[in-house]
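Chain by chain, the residues:
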Amino acid sequence: MRVFLSSILIIGLIGIAGFSFAEGTKVPSDAISVDSQAKPVAMDSQDYKGVVINTENGLALMSGDIDYLLQGEKLEDLFGKTVSISGKLIKDGLTNTIIVAKVKVEETK
């Protein structure tokens, strides 16, 4: 009986300690400035036209002399096709990546 009561007591203390440590730390409202709060970023979409090619880094859009890596869903079916792509361009050093928002396959003549 003592073992049972001791077990219940220990489990209760662990539960109470868990709730105590789980409580978040409150930051005083005067410590937060309006400038430090995250603001939503609007996605500026641009249009690009070219042929989708396969590179060692993944699918890319070849537009003139420039290759843009493509990032998005269900792009595999575009390989070898001429497309118009709308999306956001991200420049990272030597790499240009387009986050694809919309794709239109151009008809071949």
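This write-up is about the structure you can find in this document. Treat the numbers as computed from the prediction; the structure is a model and nothing was measured. The residue numbering used here restarts from 1 in each chain and proceeds along that chain's sequence as written. Residue-level local features of this predicted model are given only where pLDDT is at least 70; pairs of side-chain atoms are given and counted only at 80 or more, and the full residue set underlies all totals for whole chains, interfaces and linings. With hydrogens and water stripped out, all remaining heavy atoms of the structure feed into the side-chain values.

Some thoughts on the packing of aromatic side chains
The criterion for an aromatic pair is that two Phe, Tyr or Trp rings (for Trp, the six-membered ring) have centres within 6.5 Å, with stacked assigned to planes under 30 degrees apart, edge-to-face to planes over 60 apart and tilted to the rest. Summed over the entire model, instances satisfying the criterion amount to one aromatic pair. Where Tyr48 meets Tyr68, the ring centres are 5.1 Å apart and the plane angle is 50°; that geometry is what we call tilted. With Tyr48 in strand β1 (residues 46–55) and Tyr68 in strand β3 (residues 66–71), this residue pair connects regions lying 20 residues apart in the sequence. The pair formed by Tyr48 and Tyr68 is uniform in burial state, with each residue classed as buried. Each helix corresponds to a stretch of at least 4 residues labelled H or I by DSSP, and each strand to a stretch of at least 2 residues labelled E; elements are numbered beginning at the N terminus. Type-normalised accessible area, obtained with a 1.4 Å probe on protein chains alone, sets the label of each residue: buried when under 20%, exposed when over 50%, and partly exposed for intermediate values.

Some points on the pairing of β3
Bridging between strand β2 (residues 58–63) and β3 involves four bridges; their strand directions are antiparallel. Bridge pairing in β3 links Leu61 to Tyr68. In this analysis, strands are considered paired if DSSP registers two or more bridges between them. If you look at the hairpin formed by β2 and β3, you'll find two residues sitting between the two strands, and Gly64 has a positive phi there, around 70°. In the sheet, β3 pairs with strand β5 (residues 95–105) via three bridges, with the strands oriented parallel. Paired with Gln71 across the strands is Ile99, a residue of β5.

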